[in-house]
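Tertiary structure, described
Take a look at the letters that make up each chain.
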Amino acid sequence: MTAALTRALNPESIAVIGGGAWCASVIQQARKFGFKGDIWSVHPKAAEVAGEKAFGSLEVLPSSPDLAFVGINRHATIQTVKVLSAMGAGGAVCFASGFTEAQAEDDAGTDLQEQLIAAAGDMPILGPNCYGFVNGLDRVAVWPDQHGMRPVDRGVAILTQSSNIAINMTMQRRALPLAFMLTCGNQAQTHQADIALALLDDDRITAIGVHIEGFGDLRKWEALARKARVRGVPIVALKMGRSAHAQAATISHTASLAGGDAGAQAFLDRLGIARLDDIPSFLECLKLLHVAGRLDSNGLGTISCSGGEASLAADMATSRDVHFPPLSSTQRAELRDALGPMVALANPLDYHTYIWRDAAAMTRAWAAMMSPEQGLTMAIVDYPHTDSTDWDCATQAALNCVARSGRPFAVTATLPELMPEDVAQRLLDGGVVPFAGLHEALAAVEAASRSFDAQADSVLMPSSAETNIVLTEAEAKLALEEYGVRVPKSVVAQPEVARRSVEKLVGPFAVKGIGLAHKSDQGAVRLNVNLEDVVRAASEIGTAEILIEEMAPSGVAELLIGVTRDPAHGYVLTLGAGGVLTEILRDSVSLLIPSSRQAVHKALNRLACAPLLAGYRGKSAADMQAILDTIDAVQAYVIANAAHVSEVEINPLICGPDGAVAVDALIRKASS
């Protein structure tokens, strides 16, 4: 597929099939962008389209086209794609809609899409419901509308699932060099990851941005991430779906915590793809990656000639995973020499305006702020739109700093509109990152400096079995115990024989009703029950059977370990603060199964309750190895039972210095 896509994405001949304004625009945009190859209009009746001679059919074309833009109705598209495939065409952009993306309104869409895929055979198709692409590296535009791209020698590629968002992004005026803008449509045959894999073979592409509505084939994304790591090309994502509502009614805390987006975020984390939340930050991050690549740390140094800007940068950074390393003694000495005694030295630095207009002095001061502990140093400069001549000194100082050190450096306008495009281009040409907006700059630095745990194993694919059984707590604990989860000693008994049933157990006891969800909420859990009170406690609970177990020793913290089956992303492993306040605290992290012990340990350390596990204020630390053993055991159970399990939860896991005990458990599964 990669070789075939290479031909289609850099064609020397383009066939435009259909008439009307859209097809005419494809021809016009191709010529306007400087495409030097052949353009063949195909129309059964017209003599010409947009100034190009029209051929009556595909069969009479001079040769098989490298790419065809199919701008006709969906039914005719299928037959045309079949002919193109048979004649050895390189690929097709299918413009028509009305396939699976419209199945909610038209049941025929799915069947038509299957016919389209069959008609294409091995020939790559983009779409359907797709605008096509603009290749800025080779001056190729197969695009039925306006766009704002310019030819470039190297730059970033953006792949989107929205043609309108693609158009808007081509119109950016941020000096971001766009090498490729490509719309994927509904990905009937050619997956977004397939296209990105092909683009990775082009050394002129410095970074890839993907706008994702849904992942689809997870294995393709895993292959893409592996190849991107090998080639050293960073990928960032604008992923839709954070607002998806969690399940309205759940019987576990895990499903509520995980919600609709936890699996997507965990999958991106696993792939090593940083996520941005808005288009401006997405574009600014791609710009940073184009200039500097991934940053080697999240340390940030900022320089401004205003205390207000220094404070603003510091305050805005508090919500980001970035930090300001303190100045070293060497930095302090160099800064004092450059700035004199009147400036308070700190990071962020307010250097006042004593050296403004002196580019050499500004270079000395700014260069002194550049430290190996900082992944990026940025000067905050807003260029006035009236007359920015007096600000040339700042531009030159930034260029000098990069030329002198080779370390990443940025000039950041707090207001996006106060980074002029010509200044941004000058900075970019000199290796300086020109950030349009402080919010966007901080988001970009956070994303570009984020470290990821490489996961060697592929995600466990979700089953489609319909789950219709919820195991009792006793049954769930027994199932998990077989895989290594430590649980309290227990018996299941009827209330009237409760005392006789616990003769081999050591009190005090926990007495629980069987067959109830959220037992604590229904008053069906009694703790620290003495032997003489067991029958009374069991009778008051009121269920036909009760679970009686030895009380677990108190711990230093309670954790939740949960797994939910996510049809789109696999099995989501959620770790969080446990107990009855789980959903109020909402202190959780999510990964995908399987996750390595190292990745799990790192995830646990991101919890707000992590200090409790480490030994808070002189208290004993929890047995971390026992916690990790328990999580490994839960993963092992899910992997072994993936064909029919949909949900597993331990809440809480009592974590103490001498081990970890699961005192409540739930499993939801299929009957067979």
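Residues numbered from 1 in each chain as written. Predicted model: local features only at pLDDT ≥ 70, side-chain atom pairs only at ≥ 80, totals over all residues. Heavy atoms only, no water.

With that out of the way, let us pick up the overall build of the chain. Summing up its helical and strand segments, the chain has 23 helices and 30 strands in all. Its C-alpha atoms give the chain principal-axis dimensions of roughly 95 × 80 × 35 Å. Out of the 672 residues in the chain, the part that is buried amounts to 56%. Put simply, of all contacts in the chain between residues at least 6 apart along the chain, 72% involve residues at least 24 apart. Accessible surface, the chain as shown: approximately 27600 Å² in total, 50% of it carbon and sulfur. One way to put it: in the chain the 54 positive side-chain charges average out to a point 2 Å from where the 74 negative ones average out. (Helix = DSSP H or I, 4+ residues; strand = E, 2+ residues; numbered from the N terminus. Buried < 20%, exposed > 50% of the residue type's maximum accessible area, 1.4 Å probe, protein only. Contact = heavy atoms within 4.5 Å. Areas by Shrake-Rupley, 256 points an atom, 1.4 Å probe, with all protein chains shown as cover. Lys, Arg positive; Asp, Glu negative; His and termini not counted. Charge placed at Lys NZ, Arg CZ, Asp CG, Glu CD.)

Orientation of helix α14 (residues 392-405) relative to helix α15 (residues 421-429), taken along the N-to-C sense of each, is 20°, at an axis distance of 9 Å. With respect to each other, α14 and α15 are oriented roughly parallel. Note on packing geometry: the crossing formed by α14 with α15 is right-handed. Taking contact as the criterion, the partners of D392, T395, Q396, A398 and L399 in α14 are, on α15, V423, R426 and L427. Residues that form the contact of α14 with α15 fall into these classes: four nonpolar, two polar and two charged. (Axes fitted to C-alpha atoms, helices over the stretch in contact; angles between N-to-C directions. Parallel < 35°, antiparallel > 145°, perpendicular 65-115°, else oblique. Left-handed = near helix turned anticlockwise from the far one by under 90°. Nonpolar A, V, L, I, M, F, W, Y, C, P; charged D, E, K, R; others polar.)

Looking now at the confidence of the model for the chain. With 96% of its residues at a pLDDT of at least 70, the chain reaches an overall mean of 92. pLDDT under 50 marks residues 245-251. Its contacts with residues more than four places away, or in other chains, come to 13 contacts. (pLDDT = per-residue confidence, 0-100.)

Our next topic: the side chain of T574. With respect to the helices and strands, the residue T574 is situated in strand β26 (residues 570-577). A polar side-chain atom of T574 sits 3.2 Å from a polar atom in the side chain of S590. (Polar contact = N/O pair within 3.5 Å; in protein donor to acceptor, adjacent residues only side chain to side chain.)

Before going further, it helps to spend a moment on the pattern of salt bridges. Where charged atoms from two side chains of opposite charge come close, those side chains can pair. Taken as a whole and assessed by the stated rule, the structure comprises 27 salt bridges. The residue E421 makes a salt bridge to R150 at a minimum N-O spacing of 3.1 Å. A residue pair is termed long-range when its members are at least 10 positions apart, and E421 in helix α15 and R150 in the loop between β9 (140-142) and β10 (155-160) qualify at 271 residues. The salt bridge partner of E647 is R668, with a shortest N-O separation of 3.0 Å. Here E647, found in strand β28 (residues 645-656), pairs with R668, found in strand β30 (residues 665-669); they are 21 residues apart in sequence, far enough to count as distant. On the basis of relative accessibility, which here comes to 5%, the residue E647 falls in the buried class. (Salt bridge = Lys/Arg side-chain N within 4 Å of Asp/Glu carboxyl O.)

This next bit is on helix α6 (residues 192-199). Most of α6 sits inside the fold, with eight of its eight residues counted as buried. Looking at α6, one finds that the buried residues are Q192, A193, D194, I195, A196, L197, A198 and L199. Elements in contact with the buried residues of α6: α1 (2-9), β7 (125-126), β10, β11 (178-183), β12 (205-212) and α7 (218-231).

Another point: the side chain of S13. Among the secondary structure elements, S13 is positioned in strand β1 (residues 13-17). Polar contacts involving the side chain of S13 include one to the main-chain amide nitrogen of D66, which spans 3.0 Å.

The biggest cluster of nonpolar side chains holds 104 residues, and the ones touching the most others in it are I208 and F435. In terms of residue count, the dominant contributor to this core is helix α16 (residues 438-449) (eight residues). Among the nonpolar cores identified, the runner-up in size contains 45 residues, and A577, A626, I627 and V634 belong to it. (Core = buried A, V, L, I, M, F, W, Y, C linked by side-chain atoms within 4.5 Å.)

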